[in-house]
Amino acid sequence: MDTSMLSLLSPFFFLLISIFAFLFYSLLSILISGRRKLPLPPGSLGWPYIGETFQLYSQNPNVFFASKQKRYGSIFKTHILGCPCVMISSPEAAKFVLATRAHLFKPTFPASKERMLGRQAIFFHQGDYHTKLRKLVLRAFMPEAIKNIVSDIEAVAVDSLQSWDGKSINTFQEMKTYTFNVALLSIFGKDEILYREELKRCYYILEKGYNSMPINLPGTLFSKSMKARKELAQILAKIICSRRQRRGESNDLLESFMGEKEGLTDEQIADNVIGVIFAARDTTASVLTWIVKYLGQNPSVLQAVTEEQEAIRRCKEKVDEDKFLNWADTKKMPITSRVIQETLRVASILSFTFREAVEDVEYEGYLIPKGWKVLPLFRNIHHSPDIFPDPEKFDPSRFEVAPKSNTFMPFGSGTHSCPGNELAKLEILVLLHHLTTKFRWFMIGPENGIQYSPFALPQNGLPIRLSLRT
Ligand code: HEM
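Model, not experiment: these values are computed from the prediction.

Rules used in this analysis
Residues numbered from 1 in each chain as written. Predicted model: local features only at pLDDT ≥ 70, side-chain atom pairs only at ≥ 80, totals over all residues. Heavy atoms only, no water. Patch = residues over 30% accessible without salt bridge, like charges linked within 9 Å, V, L, I, M, F, W, Y side chains within 5 Å. Areas by Shrake-Rupley, 256 points an atom, 1.4 Å probe, with all protein chains shown as cover. Salt bridge = Lys/Arg side-chain N within 4 Å of Asp/Glu carboxyl O. Helix = DSSP H or I, 4+ residues; strand = E, 2+ residues; numbered from the N terminus. Buried < 20%, exposed > 50% of the residue type's maximum accessible area, 1.4 Å probe, protein only. UniProt positions renumbered as here; feature names shortened; annotations may be inferred. Near = heavy atom within 4 Å. Polar contact = N/O pair within 3.5 Å; in protein donor to acceptor, adjacent residues only side chain to side chain. Domains from an automatic or database assignment. Contact = heavy atoms within 4.5 Å. Buried area = accessible area lost by both parts, 1.4 Å probe. Pairing = 2+ DSSP bridges. Axes fitted to C-alpha atoms, helices over the stretch in contact; angles between N-to-C directions. Phe/Tyr/Trp six-rings, centres within 6.5 Å; stacked < 30°, edge-to-face > 60°.

Asks: For this particular structure, what's the right way to read a nonpolar patch on the surface?
Replies: A contiguous nonpolar surface patch, about 460 Å² in accessible area, is contributed by Trp47, Tyr49, Ile50 and Phe54. Position of tyrosine 49 relative to the elements: it lies in the loop between helix 1 (3-35) and helix 2 (53-57). A relative accessible area of 59% means that tyrosine 49 is categorised as exposed.

Asks: What's the story with the UniProt feature "binding site: heme" (unreviewed entry) in the protein chain in this structure? I'm lost.
Replies: Mapped onto this numbering, the UniProt entry gives "binding site: heme" (unreviewed entry) at Cys418. With respect to the element layout, cysteine 418 can be found in the loop between helix 17 (378-382) and helix 18 (421-438).

Asks: Help me understand the site of the ligand in this model?
Replies: Lining the immediate environment of the ligand, one finds 26 residues, of which His130, Thr353, Arg355, His416 and Cys418 sit closest. Contact between the ligand and histidine 416: an oxygen atom at 2.7 Å from a side-chain N or O atom of the residue. Of all the elements in the fold, those that place two or more residues in the shell around the ligand are helix 6 (127-141), helix 13 (266-297) and helix 18. Ranked by residues supplied to the shell around the ligand, first place goes to helix 13 with 6 residues.

Asks: Sorry if this is basic, but what is going on with the environment of leucine 232 here?
Replies: Along the chain, leucine 232 turns up in helix 11 (residues 221-245). Judged by relative accessible area, leucine 232 falls into the buried class, the value being 3%. C-alpha of leucine 232 to C-alpha of asparagine 460: the two residues are 228 residues apart in sequence and 29 Å apart in space.

Asks: Is there a simple way to think about the domain arrangement of the protein chain in this case?
Replies: It is common to give the size of an interface as the accessible area that goes away when the parts come together. For the protein chain, the assigned domains are domain 1 (26-119 + 349-382) and domain 2 (122-348 + 383-468). A separation of 29 Å is found between the C-alpha centroids of domain 1 and domain 2. Each partner contributes residues to the interface: domain 1 has 31 residues there, and domain 2 has 43 residues. Together domain 1 and domain 2 conceal approximately 3300 Å² of surface at their shared face, both sides included; 62% is due to carbon and sulfur atoms. Counting the surface domain 1 buries against domain 2, the share from its top three residues, Met116, Ile349 and His382, is 30%. Here domain 1 and domain 2 share 0 salt bridges between them.

Asks: Where do I start with the sheet that holds strand 5 (residues 355-357) in this structure?
Replies: Each strand in a sheet pairs with its neighbour through backbone hydrogen bonds, running either in the same direction (parallel) or in the opposite one (antiparallel). Ordered by their spatial adjacency, 5 strands build an open sheet running 1-2-8-5-3, and the pairing between neighbours is mixed. Each of the sheet's edge strands pairs with one partner strand only, and the pair in question is strand 1 (75-80) and strand 3 (105-107). Ignoring which end each strand starts from, the neighbouring axes of this sheet average 35 degrees apart. This element, helix 3 (residues 61-72), spans strand 1 and strand 2 (83-88) of the sheet and lies at about 135 degrees to strand 1. On top of the sheet, helix 4 (residues 91-100) reaches strand 2, strand 3, strand 5 and strand 8 (373-376); it is set at about 125 degrees to strand 8, its chief contact.

Asks: How should I be thinking about the packing of aromatic side chains in this particular structure?
Replies: For any pair of aromatic rings, geometry is given as the distance between the ring centres together with the angle between the planes. A complete count under the given rule lists 17 aromatic pairs for this structure. A ring pair is formed by tyrosine 210 and phenylalanine 278, whose centres lie 4.7 Å apart and whose planes are at 45 degrees; its orientation type is tilted. With tyrosine 210 in the loop between helix 10 (192-208) and helix 11 and phenylalanine 278 in helix 13, this pair connects stretches of sequence that are 68 residues apart. Assessed through its relative accessible area of 14%, tyrosine 210 is described here as buried.

Asks: Is there a simple way to think about the side chain of histidine 434 in this case?
Replies: Secondary-structure assignment places histidine 434 in helix 18. Only 2.6 Å separates the side chain of histidine 434 from the side chain of lysine 438, close enough to count as a polar contact. Each residue touching histidine 434, except ones within four places of it in the same chain, is listed here: Glu154, Val158, Leu161, Leu325 and Phe439.

Structure (structure tokens):
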């Protein structure tokens, strides 16, 4: 067909698509309004099936969310990846969905992700099974439990930093190794060193397929990933078996999962161990990467953090037998802690989360129909000028005053909020203690680009050159 025919056909084609779209959405509205006499939230659903997927993914997703919010307000509808969605960006609506009416909104993930991580992992569940898992995970990650592993985390941090000395490194890749090793330490205790390399080899193949097309044919990333997933389960079965021989000696996550009365099967334990590694690693590594960037770009903040950490170091040098960091030391780091908070806010690495309405829900006079996805937009809340004045500015001092409730939720909120948040903050503080007191670094290459993979990250993982302070 020649191009002149195409140009004649295209207006006709668009007219047909428009009529089809109009009929499709009129029918959808009639069906929905027949169920309840409430309007849907404002917004546009785009083209049939593809909806507004291209608008979302052809640009920085945060531009899409921010422009929609500007046009329609803090609750609006859209249609992404074949699913009608309601996006919400007010603290009150986020609290409604995630905490006060959490039973009306279940977590939802693509089936391929569930297969890869393991269907019995905590994220995918509601109700009694979820409550039981949550109790076990919290038992291993609450301050009382992680207090005892501060010096072990410190050893991992010191090892990592020493291996970067004098080299150009990709910050994100190196931070991923650090956070992976800390995750294994918190799951398997001191045994982790025995399994580190084996687990790392399989886990790294698994993660490569996580964002690939879910096509399970020989040679595809997805199929390699599924193979690695099976191998991981076998390694974990071996670890669980050897732990059974000497139960009661540790208080790590594996021990918590293996409690007699908890009655978890080996498969449930394996799915949740892999799930925790997944939840713990890239999240914490990207926050650390952003911190390195913000400290590098804000010399006065870096100086204040360094002075705070040097004061702790001097104090410890006076007491010979107590030179390792302990839990109490990490509570004497208010400036560094505010840098972490401000990084979590500005970078908002998890811009949003997903839920699905389990029944028709009314919110502020609007209908959220059963089966629709609901996305609380954390980033929009963290970047609202009404809540955080001059929101794009990196200014840790804003956290000298505690934020109002439900306005700051980098670790989520309610029944599925992050049970690993204390561990994440602890491992960041410990690494920053050694990074700022012993090392200097500078960024190589562009300083302002951002990539989405899927977390927001400094361009190319932030290449830096790092060396010991003289
Ligand atoms: C700075 C790093 C981290 C950030 C920003 C973060 C953020 C979050 C957020 C926002 C959620 C809730 C998601 C939702 O409601 O859909 C979550 C859940 C979760 N996180 Fe984290 N997380 C971090 C580190 C960790 C670590 C270190 C661990 C484990 C040691 C962990 C384990 C989990 C688990 C198991 C869940 C699921 C909880 C449930 O479904 O009940 N996270 N995280």
